[in-house]
Amino acid sequence: MLRSGMVRRLASGLFTWMPMGWRVARIVERVTRQEMERIGAHEVLMPAVHPAELWRESGRWQDYGDLLLKMRDRGEREYCFGPTHEEVVTDIARRELKSYRQLPVSFFQIQTKFRDEIRPRFGVMRAREFIMKDSYSFHLGEDSLRDTYEQYREAYSRVFERLGLKYRVVQADSGEIGGSRSQEFHVLADSGEDLIVWCEGDDFAANLELAPALPPDGERVAPGAAMSEARTPGMRTVRQIAEHLDRPLEDCLKTLLVKAEGGGVVALVLCGHHEVNELKATGLPEVAKPLQLANAQEVAQAASSPPGFVGPVGLRVKTYVDHAAAHRGNFVCGGNRRDKHLVDVNWGRDLPEPEAVDLRNAVEGDRSPGGGGTLQIARGIEVGHIFQLGDKYSRSMRAAVLDENGAEQPMQMGCYGLGVTRTVAAAIEQNHDERGIIWPEAMAPFSVVLVALNIARDKKVRATAEQLRESLRSRGIEVLFDDRDASPGVKLADADLFGIPHRVVISARGLNQGTLEYKHRRSDKPERLSADEATEFLQTQIEP
RNA sequence: CGGGGCGUGGCGCAGUCUGGUAGCGCACCUGCAUGGGGUGCAGGUGGUCGGAGGUUCAAAUCCUCUCGCCCCGACCA
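Residues numbered from 1 in each chain as written. Chains lettered and ligands numbered in written order. Predicted model: local features only at pLDDT ≥ 70, side-chain atom pairs only at ≥ 80, totals over all residues. Heavy atoms only, no water.

Peer 1: Hey, could you run me through helix α6 (residues 238-245) in this one?
Peer 2: The periodicity of an α-helix, 3.6 residues per turn, causes residues three or four positions apart to be oriented the same way. By the burial criterion, the buried members of α6 are Val238, Ile241 and Ala242. With its buried residues spanning 100° around the axis, α6 presents them on a single face. The exposed residues of α6 that point more than 90 degrees off its buried face are Arg239 and Glu243. Summarising the contacts, the buried residues of α6 are in contact with β14 (253-259), β17 (331-337) and β18 (340-345). Where α6 terminates, the next one or two residues include Asp246, which has phi positive at roughly 55°. (Buried < 20%, exposed > 50% of the residue type's maximum accessible area, 1.4 Å probe, protein only. Helix = DSSP H or I, 4+ residues; strand = E, 2+ residues; numbered from the N terminus. Arc of directions from axis to C-beta. Contact = heavy atoms within 4.5 Å.)

Peer 1: Just to check I follow, could you spell out the nonpolar core for this structure?
Peer 2: Side chains that are nonpolar tend, in soluble globular proteins, to be buried together. In this structure, Met36, Tyr156, Phe160, Leu163, Trp439 and Met443 are the most contacted members of the largest nonpolar core, which totals 54 residues. In terms of residue count, helix α5 (residues 142-163) provides more of this core than any other element does, eight residues in total. (Core = buried A, V, L, I, M, F, W, Y, C linked by side-chain atoms within 4.5 Å.)

Peer 1: I keep staring at the sheet that holds strand β26 (residues 448-452) and nothing clicks. Help me out?
Peer 2: Strands pair in a sheet through their backbones, by hydrogen bonds, and they do so in one of two ways: parallel or antiparallel. Pairing is mixed in the open sheet, where five strands are placed in the order β27-β26-β28-β29-β30. The two strands at the open ends of the sheet, each matched to only one other strand, are β27 (479-482) and β30 (527-530). The average angle at which neighbouring strand axes cross in this sheet is 25°, direction not considered. Relative to strand β29 (residues 515-520), strand β28 (residues 502-506) runs antiparallel, the two sharing four bridges. Bridge pairing links Val505 to Glu517 in β29. Relative to β26, helix α12 (residues 459-474) is tilted by about 170°, and along the sheet it contacts β26, β27, β28 and β29. (Pairing = 2+ DSSP bridges. Axes fitted to C-alpha atoms, helices over the stretch in contact; angles between N-to-C directions.)

Peer 1: What's the story with the pairing of β26 in this structure? I'm lost.
Peer 2: A regular strand carries its side chains on alternate faces of the sheet. Counting buried residues in β26 gives five out of five residues, a clear majority hidden from the surface. Here β26 shows a buried face lined by Val448, Leu450 and Ala452 and a second buried face lined by Val449 and Val451. Relative to β27, β26 runs parallel, the two sharing four bridges. Opposite Leu450, over in β27, you have Phe481 as the bridge partner. Following the chain from β26 across α12 to the adjacent parallel β27, one finds a crossover that is right-handed. Bridging between β26 and β28 involves five bridges; their strand directions are parallel. Following the sheet pairing, Val451 is matched in β28 by Val505. (Right-handed = clockwise from strand over helix to strand, strands pointing away.)

Peer 1: Explain the protein's contact with RNA strand B to me, please; I cannot follow it from the model alone.
Peer 2: Close to RNA strand B lie 37 residues, the nearest being Arg236, Lys254, Leu291, Arg457 and Glu517. Close to the protein, within 4 Å, the atoms of RNA strand B are drawn from sugar and phosphate at a rate of 37%. Measuring from a base nitrogen of RNA strand B, one finds a side-chain N or O atom of Asp496 at 2.6 Å. Listing elements by their share of the surface near RNA strand B, those giving two or more residues are β14, α13 (488-498) and β28. The biggest single contributor to the surface near RNA strand B is α13, with seven residues. A class-by-class count of the residues in the surface near RNA strand B yields 16 nonpolar, nine polar and 12 charged. (Near = heavy atom within 4 Å. Polar contact = N/O pair within 3.5 Å; in protein donor to acceptor, adjacent residues only side chain to side chain. Nonpolar A, V, L, I, M, F, W, Y, C, P; charged D, E, K, R; others polar.)

Peer 1: Explanation requested: the sheet that holds β17 in the structure shown.
Peer 2: Read across the open sheet, the three strands follow the order β13-β18-β17; overall the sheet is antiparallel. Across the chains shown, the open sheet's two edge strands, defined by having one partner strand only, are β13 (228-231) and β17. Here the average twist between neighbouring strands, direction ignored, is 35°. One ladder, built from four bridges, connects β13 with β18; its direction is antiparallel. Directly across from Glu229, in β18, lies its bridge partner Leu342.

Peer 1: Mind showing me how you'd approach the side chain of Asp344 here?
Peer 2: Within the secondary structure, Asp344 sits in strand β18. Here the side chain of Asp344 touches Arg247 through a polar contact of 2.9 Å, side chain to side chain. Sequence-distant contacts of Asp344, defined by excluding residues within four places in its chain, comprise Ala225, Ala226, Met227, Arg247, Asn330, Phe331, Arg349 and Asp350.

Peer 1: Mind showing me how you'd approach unusual backbone geometry here?
Peer 2: Excluding glycine, a negative phi dihedral is what most residues carry, and trans is how most peptide bonds are arranged. Following Leu103, the chain continues into Pro104 via a peptide bond in cis, with omega recorded as -5°. As for its placement among the helices and strands, Pro104 is situated in the loop between α4 (86-96) and β7 (105-114). For Asn336, which is not glycine, the phi torsion reads 60° and is therefore positive. You can see Asn336 is positioned in strand β17. By relative accessible area, Asn336 is classed as buried at 8%. The phi dihedral of Arg398 falls on the positive side, at around 55°, and the residue is not glycine. Following the sequence through the fold, Arg398 ends up in the loop between α10 (392-396) and β21 (400-402).

Distances and angles like these do not, on their own, reveal function.
Here is the structure:
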């Protein structure tokens, strides 16, 4: 949808913002800036290029990995193009902030960042160079940090509210930036890269990777028929097994062997229809980080069978069982022998009671951890992320103030990012149809588009259109005036593509009856408008 | 990083296997017609065939090297 001329690609992950797109980006900037100022944050502009020594101090010269674009100047000094500004702002803070009386304080900037993404995709959504509003706050004590964090959460909510986007705030993993509590802001869109989970009945909302999957309610079904062996030649996936044995997928347990910390393997058992959650799995003490599947050799050694036929019965490695799998009775699982599975297996009868833990991704319909009902899942695009960093950077970079007792205390820090350019892309992903973009009123590059048909030849059309344009402009309404000498089809199709909310068509046909035609981008039935009252009418359409 | 694919007028592609005058659609320019959902007819402009080297009488085409881009994958038995 960005082919509408909003941006043009220069190279992988690099885009030029063309006039129409840039207007929208500036609207996002403006709204964001206003909300930042409203909570008392101070705008600054930090360098885009940072000296290596600063990043070595925080340890992230290494930790940030290949995402960091590194470079040298003529004197062979090392630099990076800033992907984020914790180091720089902490350096400012430790020079400028000496007393608790200067706190709390927060700074923000709207800056171009660069992250050397492994694989830039989805156009501007995951560009390498992008514009971000980033803020940093400094505090004495965690209470103050929490207060400011709350203010930012509300400010961000107001930004997305004002832009007219459907969004959700979810609990998030703080990843490599570090720190404790963090939340993400997601614009809901089917093309989103992230899965987010929430419950309408309570205030639970989280990124899928963090959402707990609760144990099922009720009693486990009682054991039935005795355990038996089934032939399953060449069947390596639970789906094939379920179909072959005519059992529901939930009843077919899969056993994943993953590499263990310091060698060997660990077994993870899940229901066939569930997926392992990497964050949860690597949270187990024995499991190696990052999560890696065992290779065929390791599988053969541990289970005396090829991959695909591994099961928990008689398996002599450390085994963790997901709550849902531990709750099943009379289930199917691998037989630890080539082409064999076991049927009607029961915990406590055919093998010991399992060590049940939360291993899987939550699925739609699961019980909410908030207790208010069941979970819903949707795709989202992460457009904002707020963190309580604590003293991670202030300690490693020695940024401290004196408290009221004259004792030196590392400052508590928060950081808050909002992707300006990504928000533009996300808005389009959320609001479009087969004809093009449908901008929310607040984000539209123009409020009104005037489509003057046959303007090159029809003097009356031109005069009326120009008059209307001036009259709208004088009232501060942003107008896009299509005075091209192009066929009606072209002009109308472009008007739809650009997604400007209010469209007025001026044509000879209408003018003969003294009327213009008005249509909202979301509606499909045009209405007639007397030429004289057009300005008034548009103003009332736009104001509310 | 691994696998696959593609680089030929501004854009999208054919031509490459089998070496021999570089082509098509769209866009652009000119003229005429048309004028409410990407309009028609006619005539035009525009190409170091990604780059370098090699084979050959002759290279977009064959060989070697190189650069760029796109897609998929990076583990869920």
